[in-house]
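One letter stands for each residue in the lines below.
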Amino acid sequence: MTDRLLDRLADGLSLALTIGVALVAGAVIIWLTSADPGHALRAFFLGPFQNKLFFGNMLQTAAPLLLTGLGVAVAFQVGAVNLGAEGQVYAGALAGATLLLFPPFVSPWLIPVAVVAAGAAGALFAWLAGWLRTRFGATEVIGSFLIGAALIQLFDFFLRRYLADPTAGFPTSKPLAATFRLARLLPPSNLNVMFAIGIVLAVVAFFVLYRTTFGYRIRLTGLSVKYARYSGIRVGWHFLVAMAISGALAGIAGVGEVMGVQGRLVTGLSNNLGWNGVTVALVARLHPLGVIPAALLYGYLHSGATVAGLMSDVSPRIASIIQSLIFYMITAQAIYVWLRRRLGAARANAGPGGALPSGATGRPRRQGGPSAARSDR
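My aim in this report is to walk through the structure given alongside it, one point at a time. (Residues numbered from 1 in each chain as written. Predicted model: local features only at pLDDT ≥ 70, side-chain atom pairs only at ≥ 80, totals over all residues. Heavy atoms only, no water.)

On to the packing of helix H5 (residues 110-136) against helix H10 (residues 235-262). Running from amino to carboxyl end, H5 crosses H10 at an angle of 140°, the nearest separation of the two axes being 6 Å. What the angle tells us is that H5 and H10 run oblique. At the point where H5 passes H10, the crossing takes the right-handed sense. Taken together, the residues of the contact of H5 with H10 sort by class into 17 nonpolar, seven polar and one charged. (Axes fitted to C-alpha atoms, helices over the stretch in contact; angles between N-to-C directions. Helix = DSSP H or I, 4+ residues; strand = E, 2+ residues; numbered from the N terminus. Parallel < 35°, antiparallel > 145°, perpendicular 65-115°, else oblique. Left-handed = near helix turned anticlockwise from the far one by under 90°. Nonpolar A, V, L, I, M, F, W, Y, C, P; charged D, E, K, R; others polar.)

Okay, here's the thing in structure tokens:
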């Protein structure tokens, strides 16, 4: 058995043990806070499977996280940390929904156009954070976070100033036309086609990252900028493309929530989809296919907490605390593994040429004199 296989086996066992301990901790809290712990435990752990409503909503909770988690994972693969996914969700929702609120004509064919517009909006702002990194050396961690925070405020500004429905009692736009609503797959739940799209995109991302030359270059850039550059890979270009893909997926998640769940623009519509996407990506070990069970786990815990709050004497606040405790414990273990691997990659990148410098255009370095060095910049 190779060292790599042993490392993966140990990682998997560690994750399984953490999930088990976290679930036991949640069960203990329910036992201590409920007068009928048996009923409360059944509601929390089996409630999401009781009927079509709970089951469909569990899957729908996972649907946008498939996209945001996948986007964050793609960024991680190239060595970038996209903390602006939350803002990119809002940017995508605003761009796509604005087209559907003021359509040049009413046709279902505008739905894919809105999805493309949402993806483009998210990609633009994620690309901007990446460009600031490659052009000026401004870390994309801070850049994407600040741009994302500004996007959330811009979303609220445009919603309240130009798109708000004056007859509504809170900041929201008028509802979308029925033509632009996504069909429900499991009525009366909110489950819609975005869940299937998320699954398909996760499979496509796996194929691209692990079965194509482009994906290999993305991963090699993330593993070691130095070796990627010595291999002739345009590291800056691949960095920007991966960031744009990451933002596009977040933007599509945003318009999916508008068309499939809310039916209109609503302030706070994301409900931390971007931040939870970071958690999902870490739990998935940054693997595209791992995002699927990680998002489903989050959806299960969220739905379990909701059902326990509705069907038992466990208060919704306690149920939310239990849900958060379980997922944070799992996330903490995932962060530890990620940091361990990140430090290993940093040691591999140590030395000249091992970092993504400011002003990098992504062209491979050439051996030679000063003229060759100038062309590299």
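After that view of the structure, there is still more to cover.
Scanning the entire structure with this criterion turns up 12 aromatic pairs. Plain terms: the ring middles of Phe158 and Tyr162 are 5.8 Å apart, the flat faces sit at 35° to each other, and that makes the pair tilted. In this pair, Phe158 and Tyr162 both sit in helix H6 (residues 140-163), four residues apart, roughly one turn of the helix. A residue is classified by how much of its surface remains accessible, and Phe158, at 34% relative accessible area, is partly exposed. On the basis of relative accessible area, Tyr162 is assigned to the exposed category, the value being 51%. Across from the ring centre of Phe136, 5.1 Å away, lies the NZ or CZ of Arg135, which sits over that ring. (Phe/Tyr/Trp six-rings, centres within 6.5 Å; stacked < 30°, edge-to-face > 60°. Buried < 20%, exposed > 50% of the residue type's maximum accessible area, 1.4 Å probe, protein only. Lys NZ or Arg CZ within 6 Å of the ring centre and 35° of its normal.)

Taking 1.5 Å per residue, 18 residues should reach 26 Å; helix H7 (residues 194-211) reaches 25 Å between its end C-alpha atoms and fits that length. Burial in H7 covers these residues: Met194, Phe195, Gly198, Ala202, Ala205 and Leu209. Taken end-on, H7 shows its buried residues confined to a sector of 100°, consistent with a single buried face. Along H7, the residues that are exposed and aim more than 90 degrees away from the buried face are Phe207 and Arg211. (Expected span 1.5 Å × (residues − 1). Arc of directions from axis to C-beta.)

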